[in-house]
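# Examination of the molecular architecture
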Amino acid sequence: MKATIAVLAGDGIGPEVVAEGIKVLQSVATRYGHSFAFPQALVGGCAIDVTGKPLPTETFSLCQASDAVLFGAVGGPKWDDPSAKVRPEQGLLEIRKGLGLFANLRPVRVYPQLVEASTLRPEVLRGVDILVVRELTGGLYFGERQEGTERAYDTMVYTRPEIERVVRVAARAAQGRRKKLASVDKANILASSRLWRRVTTELLSREFSDLQVEHVLVDACAMYLIRRPATFDVIVTENMFGDILTDEAAMLAGSMGMLPSASLGEGRRGLYEPIHGTAPDIAGKHIANPLATILSCAMLLRHSLGLEVEAKAVEDAVAAILAEGKRTVDIATKGESPISTVQMGDAVARQVAG
Ligand code: IPM
Ligand code: MG
């Protein structure tokens, strides 16, 4: 097949990890006879530097004209001035909103080979396989806000349709997995959470009576994620809770560098990005772990291009490379000498090539 994949590498380690994702996609194209084009565009801090805007119009048009978007990361100390009018992160939020990508899928899988890389005990990690579905275009990130020097506020707003559509995505995913769904909220305090819980309960009993459902308060969920992570199957939650819980969940997988994501809307077009940020402290050192981006490319193949065999081939290649003992520094344990970003990308691409 022919496909156009818009590449928005962004800042910090973004370009380094994205280059390895492209390498692996190119290897997929060669092996399976596809033709992928990779037009590039500016986003985030580097876009502010050149155009004054974190999401230039050309960049957004390119995303709209593409089958999928491969995204690196945005932000960094250079653009962190609290009084700045524009911030790199706005670019990412504008794309998510503009493309209607309301469901963010963040699978958390613990590779048996990496159990030692986590700070948690191996017996806690055994069997962990979670899919977090994070609502991505509502809540605190997009509510009315006001910023003053003495008083400031953000608002968390959710409507019934916004809750229903993301919970449906999560419930369908659970049906294809272990049929367990945990909806996470703060219904003991927040009105938006009480609506979330009511709508979720109604929808699930109406349309998904085959699922085993639990409602979990977000603070308790943060605790259960490290106490008994293997008991979770699919978790669905609002935007900011999902942001926080997935950084926590990344530690189960051993490193932020292991967690991919897919942001999806009603159609097939999606945005694929590692859940980590720009890691300014290691940018340019060629030591960043590209696996989160490479695994995001697998999700791109699956969800936007419908290429399941190819997606699986990439995921299997990552597992094989880890089994061979290849490690970037973030997942290396005692006695393992780490390889570079490029070496890791080369290894996966070669494995995919067969
Ligand atoms: C993420 C990131 C983003 C978010 C930032 C960069 C805007 O933390 O994708 O998890 O908060 O959504
Ligand atoms: Mg985050």
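Residues numbered from 1 in each chain as written. Chains lettered and ligands numbered in written order. Predicted model: local features only at pLDDT ≥ 70, side-chain atom pairs only at ≥ 80, totals over all residues. Heavy atoms only, no water.

### Observations concerning the packing of aromatic side chains
Where two aromatic rings form a pair, the distance of their centres and the angle of their planes describe that pair. Considering all chains together, one arrives at 2 aromatic pairs under this definition. Taking 6.5 Å as the distance between ring centres and 85 degrees as the angle between the ring planes, the aromatic pair formed by Phe-36 and Phe-38 counts as edge-to-face. When the centroid spacing of 5.5 Å and the interplanar angle of 75 degrees are considered together, the rings of Tyr-158 and Trp-196 count as edge-to-face. Taken together, the residues Tyr-158 in the loop between β7 (152-154) and α6 (160-175) and Trp-196 in helix α7 (residues 191-207) connect sequence positions 38 residues apart. The pair Tyr-158 / Trp-196 is uniform in exposure class, with both members buried. Its end group placed over the ring of Phe-142, Lys-97 keeps NZ or CZ at 4.7 Å from the ring centre. The ring of Tyr-141 has Arg-134 sitting right over it, with the charged end atom 5.3 Å from the ring centre. (Phe/Tyr/Trp six-rings, centres within 6.5 Å; stacked < 30°, edge-to-face > 60°. Helix = DSSP H or I, 4+ residues; strand = E, 2+ residues; numbered from the N terminus. Buried < 20%, exposed > 50% of the residue type's maximum accessible area, 1.4 Å probe, protein only. Lys NZ or Arg CZ within 6 Å of the ring centre and 35° of its normal.)

### Notes on the nonpolar core
Residues Phe-36, Ile-130, Ile-235, Leu-252, Leu-291, Leu-301 and Val-348 are the most contacted members of the largest nonpolar core, which totals 92 residues. Here the element with the most residues in this core is helix α10 (residues 291-303); it accounts for 8 residues. When residues of this core are sorted by domain, at least three fall in each of domain 1 (1-102 + 270-354) and domain 2 (119-252). Residues in contact with Leu-291, not counting those within four places in the same chain, are Gly-257, Met-258, Val-318, Leu-322, Ile-331, Met-344 and Val-348. Core analysis: the next-biggest nonpolar cluster, separate from the first, contains 16 residues, Leu-8, Val-43, Phe-60 and Leu-92 among them. (Core = buried A, V, L, I, M, F, W, Y, C linked by side-chain atoms within 4.5 Å. Domains from an automatic or database assignment. Contact = heavy atoms within 4.5 Å.)

### Re the environment of Pro-122
Assignment of secondary structure puts Pro-122 in helix α5 (residues 122-125). Considered as a pair, Pro-122 and Lys-334 are 212 residues apart in the sequence and their alpha carbons are 16 Å apart. Excluding its chain neighbours within four sequence positions, the residues that come into contact with Pro-122 are Val-115 and Glu-116.

### A short note on helix α8 (residues 218-227)
Every α-helix carries 3.6 residues per turn, so stepping three or four residues along brings you back to the same face. Every buried residue of α8 is listed here: Val-218, Ala-220, Cys-221 and Leu-225. Down the axis of α8, the buried side of the element spans an arc of 145 degrees, and every buried residue falls inside it. Where the residues of α8 are buried, they touch β5 (129-135), β8 (180-185), β9 (212-217), β10 (234-237) and α9 (239-250). (Arc of directions from axis to C-beta.)

Remember, this is a structural readout, not a statement about activity or role.
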